Amino acid sequence: QQEQAKQETLQVLNRLRELARRQSDLNERLKELQSALDEAETEEEREEIREQLKRLREQQQQMLRDMDEVAERMQQPQNQERMSQAREQVQETLEQIRQTTEALREGQVSRAVASGTRAQRQLEQMREQFRQAASGRFADEVRQLRDEARQLDNRQGELAERLEQLDRPQPETR
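Residues numbered from 1 in each chain as written. Predicted model: local features only at pLDDT ≥ 70, side-chain atom pairs only at ≥ 80, totals over all residues. Heavy atoms only, no water.

(A) Expanded view of the confidence of the model for the chain. Residue-level pLDDT values for the chain average 86, and 94% of them are 70 or greater. Element-level pLDDT for the chain is lowest in helix H3 (residues 77-80), with a mean of 75, against a maximum mean of 92 in helix H2 (residues 43-75). (pLDDT = per-residue confidence, 0-100. Helix = DSSP H or I, 4+ residues; strand = E, 2+ residues; numbered from the N terminus.)

(B) Inspection of the pattern of salt bridges at higher detail. This structure, assessed with the given rule, holds 19 salt bridges. A salt bridge links Glu18 to Arg15; the nearest nitrogen and oxygen atoms lie 2.6 Å apart. Linking Glu18 with Arg15, this pair stays in helix H1 (residues 2-39), spanning three residues, or about one helical turn. Members of the salt-bridge network, linked through shared partners, are Arg15, Glu18, Arg22, Asp66 and Glu69. (Salt bridge = Lys/Arg side-chain N within 4 Å of Asp/Glu carboxyl O.)

(C) Layout of the packing of H1 against H2. As a packed pair, H1 and H2 sit with axes 10 Å apart at the nearest point and diverge in direction by 165°. Taken as axis vectors, H1 and H2 run roughly antiparallel relative to one another. The two elements H1 and H2 cross, and the hand of that crossing is left-handed. Partitioned by chemical class, the residues of the contact of H1 with H2 number 14 nonpolar, six polar and eight charged. (Axes fitted to C-alpha atoms, helices over the stretch in contact; angles between N-to-C directions. Parallel < 35°, antiparallel > 145°, perpendicular 65-115°, else oblique. Left-handed = near helix turned anticlockwise from the far one by under 90°. Nonpolar A, V, L, I, M, F, W, Y, C, P; charged D, E, K, R; others polar.)

(D) Here's a closer look at a negative patch on the surface. Residues Asp38, Glu39, Glu41, Glu44 and Glu45 make up a contiguous surface patch of negative charge. Sorting the residues of the negative patch by element identifies H1 and H2 as the ones contributing at least two each. Along the chain, Glu44 falls in helix H2. (Patch = residues over 30% accessible without salt bridge, like charges linked within 9 Å, V, L, I, M, F, W, Y side chains within 5 Å. Areas by Shrake-Rupley, 256 points an atom, 1.4 Å probe, with all protein chains shown as cover. Lys, Arg positive; Asp, Glu negative; His and termini not counted. Charge placed at Lys NZ, Arg CZ, Asp CG, Glu CD.)

(E) Structural view of the layout of surface pockets. Put simply, the largest pocket is a space of about 210 Å³. Lining the largest pocket are eleven residues, with Arg82, Met83, Gln85, Gln129 and Ala133 positioned closest to its centre. Counting only elements with at least two residues in the lining of the largest pocket, the list comes to helix H4 (84-105) and helix H5 (109-167). When residues of the lining of the largest pocket are assigned to their parent elements, the largest contribution, four residues, is made by H5. Partitioning the lining of the largest pocket into residue classes produces four nonpolar, four polar and three charged. (1 Å grid on protein atoms, 1.4 Å probe; cavity = no way out; pocket = protein on both sides within 12 Å on 5 of 7 lines; lining within 4 Å. Points joined across faces, edges and corners; volume = space filled by probe spheres on them.)

(F) Focus on the side chain of Gln89. Within the fold, Gln89 resides in helix H4. Judged by relative accessible area, which is 12%, Gln89 ranks as buried. Reaching out from Gln89, the side chain makes a polar contact with the side chain of Gln125 at a distance of 3.3 Å. For Gln89, the contacting residues outside a window of four places in its chain are Gln122, Gln125, Met126 and Gln129. (Buried < 20%, exposed > 50% of the residue type's maximum accessible area, 1.4 Å probe, protein only. Polar contact = N/O pair within 3.5 Å; in protein donor to acceptor, adjacent residues only side chain to side chain. Contact = heavy atoms within 4.5 Å.)

This is the structure in structure tokens:
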């Protein structure tokens, strides 16, 4: 049970890391295309950039689907308690990703960059919170194992003493 919870937390952590990286890449590409659009001199150049923006919008929509998947995973009964704090932040991040997608659909690149940057920041914060929570749980488990080892060592010492007492010849009573 505990091992499964650790695995699930690690998977969510890895997924958040990947989503943050992808959002960062999308944001960088959006900034490049915004600059290119501002500098475009011909309608043909602008049309090519719009096509690239359309592809980015599709990638952003995939990000939204992937983030929905993470949110659903966090809502599963076995994860609800452990991941309850992050659920609200996931909803806020989903909203930022939706806004980015909508801005791209409307051709508002600068708005898409702004909301995409907010989404990236939120993803990175969630990832860091998950990492800290996971490392905190690991430290707790190590402490618990140390305590158990100490108890076993004490118990072994007690048993060794008893065995010694049993091995000693008992004085005869007359």
